[in-house]
Amino acid sequence: MGAKQENGDPEDILPPPEQELSHELDMKVKKYLRGEGADLEVLKDKKLKGQLYDRENLYGKSAKAAAKTEKWLLPSEGGYLEAEGIEKTWRIKQDTIGREVDISSAKNQYDIVLPDFGPYTLDFTSSGRYMAAAGRKGHLAVVDMKNMSLIKEMQVRETVRDVVFLHNELFFAAAQKKYPYIYNRDGVELHCLKEHGAVTRLQFLKNHFLLASINKFGQLRYQDVTMGEMISNFRTGLGRTDVMQANPFNGVVALGHSGGTVSMWKPTSAVPLVKMLCHPGPITAMAFHPDGHLMATSGKEKKIKIWDVRKFEVLQTIRGHAKTLDFSQKGLLAAGTGSFVQVFGDFSGSRNYSRHMGHSIVKGYQIGKVAFRPYEDVLGIGHSTGWSSILIPGSGEPNFDTWLANPFETTKQRREKEIHSLLDKLPPETIMLDPSKIGTVKSAKKKEKPTKKEMEADMEAAVEAAKGTAIKNKTKGKNKPSKIAVKKKEIVVRAKKPFLDQQMKEEENVAKKKQKISEEISLPTALQRFARKKATA
């Protein structure tokens, strides 16, 4: 039995299952459409109307193709945690979750206890398969999370403050006591970056192949890891900082300072792009949403703030302290402090975060770093006596794109991907707050005043051109050499006149400004407003 639309054709008659499927596809098409279509009936230009009509059809076809791909080629659905009745999700313990999940997911719940080398910090590759762990007392390890096997571990016998993977799992950088070092997966030291100094935090921009570091003197450095060239070196002037994050949307590096400000930097500017006063006290943690439009910051006054980076305004303030923050692929926010981890979720899509889950590790353990594992519902916790892993249902992206990140890639695929990423490498100039400006037409600037050297060069060129002008032969008596010399001098003076007039005007303006400043300085600041103003004629 089917339904038929009014004044419809027999082709519009569909059985109920197909009607439901068609309705589901229509809902997915709306998700991928670029807003409402343009009103083409208003246009009078037939050519433009036809071009826009073709463009709207193209957008509609691409949205339908994306909806069908999501329906048939991305069958995995993200899990979620749902409470029944008066039960609250943040009261559900990890033991309860572990009993309800499958065996492969239950393996992701573990505690690695290494009390002699902590506290630990963690970093995952973009595919989520490999993890690098670094103990403060010199322990470095690379772990294959798929097989739960240790690839390599070593002891560098000095302080390690941070660790970060480079473009793939074969190389990682560690911020050690005096300098950052780059190692390969086998533990062989490849480079010692002495120019960076004693680094406190590291970030790697994979689209630009740039390693960014901030040292204990507040110096921000960018180094190209493909050529080994130092791209830029800036002194922030805001003191030492231990808070550093890179925005995945535009590649801008943000630093959190002890004065409560967040500064955002790019490698081609010696001054910060943005300086935001986010908290009245020191900033303790910071994280960016995967879409790059949200930023979470935590301050010493025990408040967590959610910011809209596009408007630079606060969307929400949550009471609580956080020593470390991290966003998951699905937008969950994890905050760790002391021995407790709290996860906030935004399930309504209104950018309003509420308490979702909580987990207490062994009392006395101090959490140093929380990091969500990509493409898995797993949260890694680095603490004072090792690292732990807990399950956070719905945190990871269930469907992965093998062109971007493939947890099951082979050696050949990894080599091909590395070559493609090197060919697609972006120059440092593409890092900006709004990357959509790339490819647009640069707006015309106001004509700048020429410098003194440029004016002198222009005047010399005009004089040379005036000397080369030919003088017409005239009647007898007017062709004397003396008169020709006088005429040439007149031509040269006429060519110099506009430049000299402009120079005189500039000197007069400078003299007027100096006179005005001297008059203001002659009186004390408190009495300058009582100075007698000269009457204008």
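For clarity, every value in this text was computed on a predicted model and none was experimentally measured.

Draft legend 1. View of the overall build of the chain. Looking only at helices and strands, one finds seven helices and 28 strands in the chain. Looking at the chain as a whole, 39% of its 537 residues qualify as buried. Of the accessible surface of the chain, which amounts to about 33400 Å², a share of 53% is contributed by carbon and sulfur atoms.

Draft legend 2. Structural detail: the side chain of H293. In this fold, H293 is placed in the loop between β18 (283-288) and β19 (294-299). Excluding residues within four positions of it along the chain, H293 makes contact with F249, W307, D308, V309 and R310.

Draft legend 3. Structural detail: a nonpolar patch on the surface. On the surface, a nonpolar cluster with roughly 340 Å² of combined accessible area is contributed by W72, L73 and L74. When you line up the elements, W72 lands in helix α2 (residues 46-72). On the basis of relative accessibility, which here comes to 53%, the residue W72 falls in the exposed class.

Draft legend 4. How the structure looks around the packing of aromatic side chains. Taken as a whole and assessed by the stated rule, the structure comprises eight aromatic pairs. For the pair Y120 and W387, a centre-to-centre distance of 5.4 Å together with 65° between the ring planes defines the contact as edge-to-face. On the criterion of sequence distance, the pair formed by Y120 in strand β2 (residues 120-124) and W387 in strand β28 (residues 386-391) is long-range, its members being 267 residues apart. Summarising the burial analysis for this pair, Y120 and W387 share the class buried. Their ring planes at 80° and their centres at 6.2 Å tell us that Y375 and F400 sit as a pair that is edge-to-face. One end of the pair, Y375, is in the loop between β26 (367-373) and β27 (378-383); the other, F400, is in the loop between β28 and α5 (411-423), and 25 residues separate them in sequence. You can call Y375 buried: its relative accessible area is 18%. Take F400: its relative accessible area is 32%, and that puts it in the partly exposed class. Aromatic rings pair up to connect F172, Y181 and Y183 into one cluster. A cation sits over an aromatic face here: R355 above W90, 4.0 Å from the ring centre.

Draft legend 5. Just the sheet that holds strand β14 (residues 243-246), in detail. The sheet built from four strands is open, its strands ordered β14-β15-β16-β17 with antiparallel pairing. Each edge of the open sheet carries a strand with a single partner, namely β14 and β17 (274-277). Averaged over neighbouring strand pairs, the angle between their axes works out to 20° when direction is ignored. For β14 and strand β15 (residues 253-256), the ladder comprises four bridges, and the chain directions are antiparallel. Looking at the pairing, M244 lines up with L255 of β15.

Draft legend 6. Layout of the nonpolar core. Formed by 27 residues in total, the largest nonpolar core has its most connected members in Y222, V253, M264 and M295. Beyond its immediate chain neighbours, meaning those up to four positions away, V253 contacts L205, A212, Y222, M244, Q245, A246, S263, M264 and W265. I92, M357, I361 and I381 belong to the second-largest nonpolar core, a separate cluster that totals 19 residues.

Draft legend 7. Inspection of the pattern of salt bridges at higher detail. As enumerated under the stated definition, the model contains seven salt bridges in all. D144 serves as the salt-bridge partner of R129, at 3.2 Å between the closest nitrogen and oxygen. On the criterion of sequence distance, the pair formed by R129 in the loop between β2 and β3 (130-135) and D144 in strand β4 (residues 139-144) is long-range, its members being 15 residues apart. Each member of the pair, R129 as well as D144, is classed as buried. Measuring nitrogen to oxygen at the nearest pair gives 3.4 Å for the salt bridge that ties K330 to E397. Here E397 lies in the loop between β28 and α5 and K330 lies in the loop between β22 (324-327) and β23 (333-337), a separation of 67 residues in the sequence.

Rules of the game
- Residues numbered from 1 in each chain as written.
- Predicted model: local features only at pLDDT ≥ 70, side-chain atom pairs only at ≥ 80, totals over all residues.
- Heavy atoms only, no water.
- Helix = DSSP H or I, 4+ residues; strand = E, 2+ residues; numbered from the N terminus.
- Buried < 20%, exposed > 50% of the residue type's maximum accessible area, 1.4 Å probe, protein only.
- Areas by Shrake-Rupley, 256 points an atom, 1.4 Å probe, with all protein chains shown as cover.
- Contact = heavy atoms within 4.5 Å.
- Patch = residues over 30% accessible without salt bridge, like charges linked within 9 Å, V, L, I, M, F, W, Y side chains within 5 Å.
- Salt bridge = Lys/Arg side-chain N within 4 Å of Asp/Glu carboxyl O.
- Phe/Tyr/Trp six-rings, centres within 6.5 Å; stacked < 30°, edge-to-face > 60°.
- Lys NZ or Arg CZ within 6 Å of the ring centre and 35° of its normal.
- Pairing = 2+ DSSP bridges.
- Axes fitted to C-alpha atoms, helices over the stretch in contact; angles between N-to-C directions.
- Core = buried A, V, L, I, M, F, W, Y, C linked by side-chain atoms within 4.5 Å.

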